[in-house]
Amino acid sequence: MTTAAALISEVLRQPDDLHKLSAYRAKLDKEKAALDAKLAGLVRAQLDATREGLLKLQEGRTGVGLVREEMIEVEKLKKDAGGGEAYDKISRVSAIHRNATQVSKMVTNLQSMSDRVDHLARLLASDREQADGPCGPSPNLLPIHYQLQQLEAFRNESLHQAKKGEPGDVAILKRKFEKLDVVGDGFEKWLWEIAGCIVELARRGNGGAVVRLLKIVEFEGKEDEKAVALRLVRKVGNTDAASKFKSMQANARVIKNYRHKLLDAMSAAVRQAFEAHYASCEGDLLSWLETLGWIYKDVIRIKDDVEPLFPADYDIAEFLVKAYHGSLNDVMRRAVDSGPEAKVLLELHGWIKEYRASMKELEVPAMWLQPPLLDGKSQDLIEDYVKLLVARPDEWTVNLMRDETARFTWRTRPPELADDGQFGMDGAVDFFQLVNQQADLALDSNQGQVLARVVGECARVMRRVQQEWAALLADEVRQYAEKRPDEVASGLQDYVMALANDMIKSADYTEALTARLEPLVSEKYKEVIAGRLNEAIDGYLDVAKRCSSALVDFVFTDMRKDGTSKLITPEWYAKDLAGAIVETMADYMANDYQAHLNPSIFDILVEDMLDAFLIAYLSALRRAPARALRMPAAVQRLRNDMEAAFGFFSRYKAPEDLEKHFEVIDQVVSMLGASSQMVFMDYWAFAKVHGPQLPFVEAILRARDDFDRVVVADIMDTLRRKVREEGITDPPEPTIMVKVQGQSGGLLSNLSSLANTYAGTFAERANNLARQI
């Protein structure tokens, strides 16, 4: 009912369709009448066939009855007096006549066999020597087979009968048949050579050769069935039944199994075709994949031209397509196991997808393509592809870093000098060429996930390289500070500048890579790629910042003995230490750093140098012993020193920017110059920016020679009370005052901890630097 209702609903979709009911009814009546007529004809034909069968059964029964009556008559005659003896004589005479006839026939066949075999050999040679070889028409197949079949039957029967004779006679007989055996073996080999060219025969229009081959195979198959049936009768039948088949010599024939051999020959030919094609490419797997289009042409040929030539029970199209698919799978497995390049894996993955689609277009059933190529694990090719892509940067950077770090450590020759005067090393350029190559290979996969994974692995390698450089830099700077100059290889400054420039260059390359890849992927993977590469950019800028801190450290290490360590000491009053410090910084900046550093990193270096200079002065004030500041000369000396430093740094920074940095010195100098009653006013301006900083303030007040301990104690009590009352706390972002040291821990330790303390400030500078790049 549901089906009928559905059909009616398909016909009557709209109200106007009701007007077409009469037409639909007439159409259906016509179709019903045609169907009834067809059914009636089929029933009539079936009844006629059944009637004819019954008549034939009746005729058979009548014939069996007549034979039975005749056999009874024969039996009666034999039982009559003297009838048995006459019958035995007749039987013996008949046997003698039959044996004589067979002997005469055997002698005749033996005498003519040599000439017949030579004739067959000439026919076989004619077919073999045809222009197209096994792909030719082979017109002599059936004549050769017909005569060979007769001769082989004669041979088989002769040898079977000779088993009862003398061994020497059997050997002589076998030698007589040797030439026939050679021709027979040659003919069979020729058949299987032709069987291996079935598709090519159809392509060249020689389908007749295929038909002749199949006739031979079918004939031999039927003969095999007869021989097997007769042997079965002789084996399981009673003595009387078996004796009736004695003359047929059931055991004489050799079972040939031509059908199985035919199919085996076709499978072997397909397998050899794939092996030959793979070998012809000589390991060039890309060329191998590009030239596999002949598979589809052969499948079309099989379905259009080969299948009609074969009997239906062969299912030849299914058999050959499965043979092609299996051989392709075997060769493809070998190709994958050979460890191909990443590009080959990607092409292979794409080809398998194309293969499935093409076979579907050719209407090849999916069941014929089982198991799938590579067991359906073609996606594993992408995994292998990604592994190869990510393994190469890992392996390559190990070698690269070994060479680069050795050059950095031993410094037997100066770093590379670019046309613009900047120091550098070759590693960054080479590394990013490789990274871009891997990214391009990942893009070839047309899978955002693959690109994201490759970029992520490359970013991981970048981070590892950055960590190695940071650790090596810290170790070399430590040795420079702790050892004597003659114990450290020269040129460290130049290599640190080269490393800083490379880090900026690498950040630039990474940002360019991000800009290139982001538009090529979906939002899902764009965020992943940008996030990983931005982390790498931050890492490069971090190493560049460490290089800047190291370069500043070199300057202040040189000035430590006769410069910064003498601040706020009697020698400070007697000599122009600030002038010497400024002159040393100017020498480093003008002659080395500015000439050989990337402008972006040089700007950061100026900031670091300025911070280090201010920290050196503030720390000296913090560590000054009691009454070491001679007032008011100390205040004036501080102002003169800051004026000289301001003039020097104004060469590299705008004065308005410098004023913000020097503001902390101005505030400290104001507190030093204030009276005991007015210290709080100047302290208030200082504390609002830098927090309470009470230990520092107490230290510089104790260092004033115009304040005694009682005055200082009163001032500090007042300050502490005001801090509590006003709720003055440390600022949200740390300022330079957090780096001021109470006791000398060495400038190196001061500078090395500066980067961590100024994390927020550095992040802002890094972002500014990235925008400049």
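Just above sits the structure.
Now for a look at the structure at hand. Being a predicted model, the structure only gives us computed values, none of them experimental.

Further remarks concern the overall build of the chain. For the chain, the count of helices and strands is 29 helices and two strands. Taking all 773 residues of the chain together, the buried fraction comes to 41%. When contacts within the chain are restricted to residue pairs at least 6 apart in sequence, those whose partners lie at least 24 apart make up 78%. For the chain, the exposed area adds up to about 42300 Å²; of that, 54% sits on carbon and sulfur atoms.

The subject of this paragraph is a negative patch on the surface. Taken together, the side chains of Glu282, Asp284, Glu290, Glu347 and Asp444 define an acidic patch exposed on the protein surface. Residue position: glutamate 347 is located in helix H14 (residues 342-361).

What follows is about the packing of aromatic side chains. In this description, an aromatic ring pair is defined by two values, namely the gap between the centres and the angle between the planes. Inspection of the entire model under this criterion finds 26 aromatic pairs. Between phenylalanine 432 and tyrosine 509, the aromatic rings sit 5.4 Å apart at their centres with planes inclined by 55°, giving tilted as the arrangement. With a gap of 77 residues between them, phenylalanine 432 in helix H16 (residues 427-444) and tyrosine 509 in helix H18 (residues 492-517) connect regions that are remote in the sequence. Taken together, the ring pairs in this structure connect Phe602, Phe613, Tyr617, Phe648, Phe649 and Tyr652 into an aromatic cluster. The ring of phenylalanine 680 has lysine 722 lying over it, and the distance from NZ or CZ to the ring centre is 5.7 Å.

Between helix H25 (residues 679-690) and helix H26 (residues 694-703), the shortest axis-to-axis distance is 12 Å and the interhelical angle comes to 140°. Relative to H26, the element H25 is oriented oblique. Two packed elements cross with a definite hand, and for H25 against H26 that hand is right-handed. Residues Val679, Tyr683 and Phe686 of H25 pack against Leu694, Phe696, Val697 and Leu701 of H26. Grouping the constituent residues of the contact of H25 with H26 by class yields seven nonpolar, no polar and no charged.

Rules behind the numbers
- Residues numbered from 1 in each chain as written.
- Predicted model: local features only at pLDDT ≥ 70, side-chain atom pairs only at ≥ 80, totals over all residues.
- Heavy atoms only, no water.
- Helix = DSSP H or I, 4+ residues; strand = E, 2+ residues; numbered from the N terminus.
- Buried < 20%, exposed > 50% of the residue type's maximum accessible area, 1.4 Å probe, protein only.
- Contact = heavy atoms within 4.5 Å.
- Areas by Shrake-Rupley, 256 points an atom, 1.4 Å probe, with all protein chains shown as cover.
- Patch = residues over 30% accessible without salt bridge, like charges linked within 9 Å, V, L, I, M, F, W, Y side chains within 5 Å.
- Salt bridge = Lys/Arg side-chain N within 4 Å of Asp/Glu carboxyl O.
- Lys, Arg positive; Asp, Glu negative; His and termini not counted.
- Charge placed at Lys NZ, Arg CZ, Asp CG, Glu CD.
- Phe/Tyr/Trp six-rings, centres within 6.5 Å; stacked < 30°, edge-to-face > 60°.
- Lys NZ or Arg CZ within 6 Å of the ring centre and 35° of its normal.
- Axes fitted to C-alpha atoms, helices over the stretch in contact; angles between N-to-C directions.
- Parallel < 35°, antiparallel > 145°, perpendicular 65-115°, else oblique.
- Left-handed = near helix turned anticlockwise from the far one by under 90°.
- Nonpolar A, V, L, I, M, F, W, Y, C, P; charged D, E, K, R; others polar.

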